[in-house]
Amino acid sequence: MAISSEKVKHGFVISQILFELSEAGFKVNVQGLENRSAYIVDVANGDGANCKFAIFIKLSNKRRSPWGYSFTEQHQNDIDALKKECGEVFTLLLNHDDG
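Structure report, in brief.

Conventions we followed
- Residues numbered from 1 in each chain as written.
- Predicted model: local features only at pLDDT ≥ 70, side-chain atom pairs only at ≥ 80, totals over all residues.
- Heavy atoms only, no water.
- 1 Å grid on protein atoms, 1.4 Å probe; cavity = no way out; pocket = protein on both sides within 12 Å on 5 of 7 lines; lining within 4 Å.
- Points joined across faces, edges and corners; volume = space filled by probe spheres on them.
- Helix = DSSP H or I, 4+ residues; strand = E, 2+ residues; numbered from the N terminus.
- Nonpolar A, V, L, I, M, F, W, Y, C, P; charged D, E, K, R; others polar.
- Pairing = 2+ DSSP bridges.
- Axes fitted to C-alpha atoms, helices over the stretch in contact; angles between N-to-C directions.
- Core = buried A, V, L, I, M, F, W, Y, C linked by side-chain atoms within 4.5 Å.
- Buried < 20%, exposed > 50% of the residue type's maximum accessible area, 1.4 Å probe, protein only.
- Contact = heavy atoms within 4.5 Å.
- Polar contact = N/O pair within 3.5 Å; in protein donor to acceptor, adjacent residues only side chain to side chain.
- Salt bridge = Lys/Arg side-chain N within 4 Å of Asp/Glu carboxyl O.

1. Some points on the layout of surface pockets
In this approach, a probe sized like a water molecule rolls over the atoms, and the result shows the empty space that is left. In this structure, the largest pocket occupies an estimated 160 Å³ of space. Lining of the largest pocket is provided by Glu 6, His 10, Asn 35, Arg 36, Ser 37, Ile 57, Lys 58, Leu 59, Gly 68, Tyr 69, Ser 70 and His 75. Secondary structure elements with two or more residues in the lining of the largest pocket: helix 1 (5-23) and strand 3 (50-59). The element that contributes the greatest number of residues to the lining of the largest pocket is strand 3, accounting for three residues. When its residues are assigned to classes, the lining of the largest pocket shows three nonpolar, six polar and three charged.

Structure (structure tokens):
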């Protein structure tokens, strides 16, 4: 089974977030959701304090800027639902390999 370019790029971004949080001493768990662009990240420190936030990743495969990203009504509803569940949502805009 081939891994799509989209999954490779999402995986790289998520791995960087996990690495940085882990290096800072946090325990991190990432949950992928039905929406292939949405992830929930649970973070815990050694003192038992926990936080949760969501990531919504948009990808543009356009070779050069300006890169375009579409946010359909469904995307907006998904982001609203993530905000209600997690409190914080970070939208990450990924472009092609130029820039």
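2. Considerations on the sheet that holds strand 3
Judged by pairing direction, the sheet is mixed, and its four strands sit side by side in the order 1-2-3-4 without closing on themselves. One side of each edge strand has no neighbouring strand; the edge strands of this open sheet are strand 1 (27-32) and strand 4 (89-94). When the angles between neighbouring strand axes are averaged without regard to direction, this sheet yields 25°. Summarising the sheet, strand 3 and strand 4 pair through six bridges and their orientation is parallel.

3. Examining the nonpolar core
In this structure, Val 13, Ile 14, Leu 21, Tyr 39, Val 41, Val 43, Phe 53, Ile 55, Ile 57 and Leu 94 together form the largest nonpolar core, which totals ten residues. For this core, the elements supplying multiple residues, two or more each, are helix 1, strand 2 (38-44) and strand 3. Apart from the residues within four sequence positions on either side, Ile 14 is in contact with Val 30 and Tyr 39. Within the second largest apolar cluster, eight residues are counted, among which are Ala 38, Ala 54, Cys 86 and Val 89.

4. Remarks on the environment of Asn 35
Mapped onto the secondary structure, Asn 35 falls in the loop between strand 1 and strand 2. Here the alpha-carbon distance between Asn 35 and His 75, two residues 40 residues apart in the chain, equals 8.9 Å. Excluding residues within four positions of it along the chain, Asn 35 makes contact with Phe 56 and Asp 78. A distance of 2.7 Å separates a polar side-chain atom of Asn 35 from the backbone nitrogen of Ser 37.

5. Side note on the pattern of salt bridges
Tallied over the full model, the rule gives two salt bridges. Two residues, Arg 36 and Glu 6, come together in a salt bridge whose shortest N-O distance is 2.8 Å. Of the two residues, Arg 36 is situated in the loop between strand 1 and strand 2 and Glu 6 in helix 1; the sequence distance between them amounts to 30 residues. Owing to a relative accessible area of 22%, Glu 6 belongs among the partly exposed residues under this scheme. When the shortest N-O distance is used, the salt bridge between Lys 52 and Glu 85 registers 3.9 Å.

Fair warning: the whole summary comes from geometry, so function is off the table for now.
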